[in-house]
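Geometric and topological summary
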Amino acid sequence: HLPVGVYRTTPDGRFIEANPALARMLGVRSPSDLLRYNVADFYVKKSDREEHLAKLAKKPRYFTEFELLRAGGKKFWVRDYCQAVKGDDGKVRFYDGILDDITKGKDSERKLHQALARVQASNEKLESLSLTDHLTGLNNRRGFFALGQQQMKIAKRLRKWSFLVYI
């Protein structure tokens, strides 16, 4: 009855066990319906699964985030806390894991990045407007002083002479 998806799968991707939360997350009616699917059917990028299994071959536990597809085709983001369970022979017998739906967090993160990009573009535009004359596009008094200070710092750092010619 956990609110996160809990699963056990074979190395070839067959579901052995799953809880109702995982069934709902993957868009099927019940955990028993998942037995007809292969884990690979739910991956948006097949390379994500291959990468995940490669990491689990090196370490017994691996946590990662990736996109999955619901049975109806809708994409969503998950964080997978997975563990490879090996037998006495050292081969992986099955994978146990917990899937947490992080779609809302990923959407918020994407919106935050978009907002920050808009703020940065606005700041650059405001700075440009504050340094130039809007009619001629030439530097205004503030722009002239900002450019002059920048050139003086460069000359000082390079230990070169700097001249100003006023016409």
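My aim in this report is to walk through the structure given alongside it, one point at a time.

Reading guide: rules and limits
Residues numbered from 1 in each chain as written. Predicted model: local features only at pLDDT ≥ 70, side-chain atom pairs only at ≥ 80, totals over all residues. Heavy atoms only, no water. Helix = DSSP H or I, 4+ residues; strand = E, 2+ residues; numbered from the N terminus. Buried < 20%, exposed > 50% of the residue type's maximum accessible area, 1.4 Å probe, protein only. Contact = heavy atoms within 4.5 Å. Areas by Shrake-Rupley, 256 points an atom, 1.4 Å probe, with all protein chains shown as cover. Lys, Arg positive; Asp, Glu negative; His and termini not counted. Charge placed at Lys NZ, Arg CZ, Asp CG, Glu CD. 1 Å grid on protein atoms, 1.4 Å probe; cavity = no way out; pocket = protein on both sides within 12 Å on 5 of 7 lines; lining within 4 Å. Points joined across faces, edges and corners; volume = space filled by probe spheres on them. Nonpolar A, V, L, I, M, F, W, Y, C, P; charged D, E, K, R; others polar.

1. A word on the overall build of the chain
Each helix and strand counted, the chain has 5 helices and 5 strands in total. Listing the helices and strands of the chain from first to last along the sequence gives β-β-α-α-α-β-β-β-α-α. The principal-axis extents of the C-alpha atoms in the chain amount to approximately 85 × 35 × 25 Å. Counting every position in the chain, which comprises 167 residues, the buried fraction comes to 27%. Considering only intrachain contacts with a sequence separation of at least 6, the fraction spanning at least 24 residues in the chain is 39%. Carbon together with sulfur atoms contributes 55% to the accessible area of the chain, which is approximately 12500 Å² in total. Of note, the chain has its 32 positive side-chain charges centred 8 Å away from the centre of its 20 negative side-chain charges.

2. Side note on empty space enclosed by the protein
Evaluated as defined, the whole model comprises 1 cavity of 30 Å³ or more. Roughly 180 Å³ of volume is contained in the largest cavity. Residue lining of the largest cavity: 18 residues in total, with Tyr7, Val39, Tyr43, Asp80 and Leu99 positioned closest to the centre. Where the lining of the largest cavity is concerned, the elements lending two or more residues are β1 (5–9), α3 (46–58), β3 (61–69), β4 (75–86) and β5 (92–101). By residue class, the composition of the lining of the largest cavity is 14 nonpolar, 2 polar and 2 charged.

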